[in-house]
Amino acid sequence: MPLRIQPWKDDIIQFCQNLLQSHQPRDDYKELLELAVIFLGSLPHRRSSVSFRTSGAVHRARWMARAIYSLKIWMFQEKFGRLQPRPASSRVSFHAHFCSKLGDLCVFITKHYLLSWFTAKDASVAARRDFTLLKELALHENHMIKEVSTKAMNRHLWYLSEVGVGLALFDDGVTNSDKLKMVSYMNTVKGSPRPTPRLTVDAASNAVSRKLPDCFTSATNKIFYHLDISSAFLSLPPKEWSASKEYKQGKDRVKKLFVTNDAAERGVTLIQQFTAKGRTKSEDQFQYMIQVAEEHRRT
């Protein structure tokens, strides 16, 4: 394991430590960052020793729990003894096989998942991160993880569509030369009359041989209409965009976009806490209370 993670572990540890120094909106976000740092062989920010929290619930609305459970199981694998199935003669080989596959999953979580998730809330970097992740997955050494994760990613490539990719114009991580190509393709490459809401599977499979500017077409110009942003800054060289009033206003608007389902996760947690106090056992009354609460929020 140490040899596998050596080339990139320091970068991920530093990324996690930087996030741990700032406020995290959910306790499980903080726990996942701390577990990743421990898994990679270091101590979390402001911690002089290692400690673990009691495991929480696992359900669809809190899928991060699966990553947390995986890291904990790998760290405590010796505490489980020889895993089933029986007969005993097969336990050793099964245990080794299970831990090997679990280790692959933990490497995927720390190397790919963490960086993608914790930067996902920034709409301006969503396209670049998704494109980078597609390339990384296409070159992943574990065939099963590569196949499953790529299939899942192909269902969520909203920010690599011909229109959505335009958010990358406001990404500070995109070089000026790439932004110049983006503007050029927006003026010269004919887009689809009715652009799809997300990048197609065929296009995603060719991500390794493509670059982010290749996703830009004339249809990308629609992003300015949808967000009510002036495109006047496009006539300037990219190095001068940061001084443009229109660019600053557009970047500020893009920064305020919600691009994750974190609000939905918080809503699920809130309703669980609400119902856990036994206010009603009637489903009809429960639905009625939700409607009253929703109406109260609107007023």
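As shown above, the structure is provided for reference.
Below, the structure is looked at part by part. Please read all numbers here as calculations on a predicted model, not as lab measurements.

On to the overall build of the protein chain, then. Looking only at helices and strands, one finds 13 helices and zero strands in the protein chain. When the helices and strands of the protein chain are placed in sequence order, the string is α-α-α-α-α-α-α-α-α-α-α-α-α. Nonlocal contacts in the protein chain, meaning residues at least 24 apart in sequence, comprise 72% of its contacts between residues at least 6 apart. Of the accessible surface of the protein chain, which amounts to about 18100 Å², a share of 55% is contributed by carbon and sulfur atoms.

The next point concerns the packing of helix H2 (residues 9-20) against helix H3 (residues 27-39). For the pair H2 and H3, the least separation of the axes is 9 Å and the interaxial angle reads 145 degrees. Once H2 is placed against H3, the crossing between them reads as left-handed. On H3, the residues that touch Ile13, Cys16, Gln17, Leu19 and Leu20 of H2 are Lys30, Leu33, Glu34, Ala36 and Val37. Split by residue class, the contact of H2 with H3 holds seven nonpolar, one polar and two charged.

In this structure the tally under the stated criterion is 10 aromatic pairs. When the centroid spacing of 4.9 Å and the interplanar angle of 70 degrees are considered together, the rings of phenylalanine 52 and phenylalanine 76 count as edge-to-face. Residue phenylalanine 52 is found in the loop between H3 and helix H4 (64-75), and its partner phenylalanine 76 is found in the loop between H4 and helix H5 (91-118); the two are separated by 24 residues along the sequence. On the basis of relative accessibility, which here comes to 32%, the residue phenylalanine 76 falls in the partly exposed class. Members of the aromatic cluster, joined through ring pairs, are Phe170, Phe224, Phe233, Trp241 and Tyr247.

Once that is clear, we can look at the environment of leucine 160. As for its position among the elements, leucine 160 is in the loop between helix H7 (143-153) and helix H8 (176-188). Each C-alpha atom of the pair leucine 160 and arginine 129 lies 10.0 Å from the other, and the pair is 31 residues apart in sequence. Residues within four places of leucine 160 in sequence aside, it is in contact with Ala127, Asp130, Phe131, Leu134, Val165, Leu199, Leu212 and Cys215.

The next thing to look at is a nonpolar patch on the surface. The grouping of Leu43, Val50, Phe52 and Phe76 at the surface amounts to a nonpolar patch, some 300 Å² of accessible area in total. With respect to the helices, strands and loops of the structure, valine 50 is situated in the loop between H3 and H4. On the accessibility criterion, valine 50 (41% relative accessible area) is partly exposed.

Glancing now at the nonpolar core. Within the largest apolar cluster, 64 residues are counted, with the highest numbers of intra-cluster contacts made by Leu32, Phe118, Leu160, Leu169, Leu212 and Phe224. No other element matches H5, which puts nine residues into this core. Those residues within four positions of leucine 32 in sequence are excluded, and the remaining contacts are Met64, Ala67, Ile68, Leu71, Ile109, Tyr113, Leu114 and Phe118.

What follows is about the pattern of salt bridges. Throughout the structure, instances matching the rule amount to seven salt bridges. Across the salt bridge formed by arginine 47 and glutamate 34, the nearest N and O atoms sit 3.1 Å from each other. Here glutamate 34 lies in helix H3 and arginine 47 lies in the loop between H3 and H4, a separation of 13 residues in the sequence. Overall, the relative accessible area of 10% leaves glutamate 34 in the buried class. Note that aspartate 172 is salt-bridged to lysine 251, the shortest N-O span being 2.6 Å. In this pair, aspartate 172 is assigned in the loop between H7 and H8 and lysine 251 in helix H11 (residues 245-255), connecting sequence segments 79 residues apart. Its relative accessible area of 57% is what places aspartate 172 among the exposed residues. On the basis of relative accessible area, lysine 251 is assigned to the buried category, the value being 19%.

Calculation criteria
- Residues numbered from 1 in each chain as written.
- Predicted model: local features only at pLDDT ≥ 70, side-chain atom pairs only at ≥ 80, totals over all residues.
- Heavy atoms only, no water.
- Helix = DSSP H or I, 4+ residues; strand = E, 2+ residues; numbered from the N terminus.
- Contact = heavy atoms within 4.5 Å.
- Areas by Shrake-Rupley, 256 points an atom, 1.4 Å probe, with all protein chains shown as cover.
- Axes fitted to C-alpha atoms, helices over the stretch in contact; angles between N-to-C directions.
- Left-handed = near helix turned anticlockwise from the far one by under 90°.
- Nonpolar A, V, L, I, M, F, W, Y, C, P; charged D, E, K, R; others polar.
- Phe/Tyr/Trp six-rings, centres within 6.5 Å; stacked < 30°, edge-to-face > 60°.
- Buried < 20%, exposed > 50% of the residue type's maximum accessible area, 1.4 Å probe, protein only.
- Patch = residues over 30% accessible without salt bridge, like charges linked within 9 Å, V, L, I, M, F, W, Y side chains within 5 Å.
- Salt bridge = Lys/Arg side-chain N within 4 Å of Asp/Glu carboxyl O.
- Core = buried A, V, L, I, M, F, W, Y, C linked by side-chain atoms within 4.5 Å.

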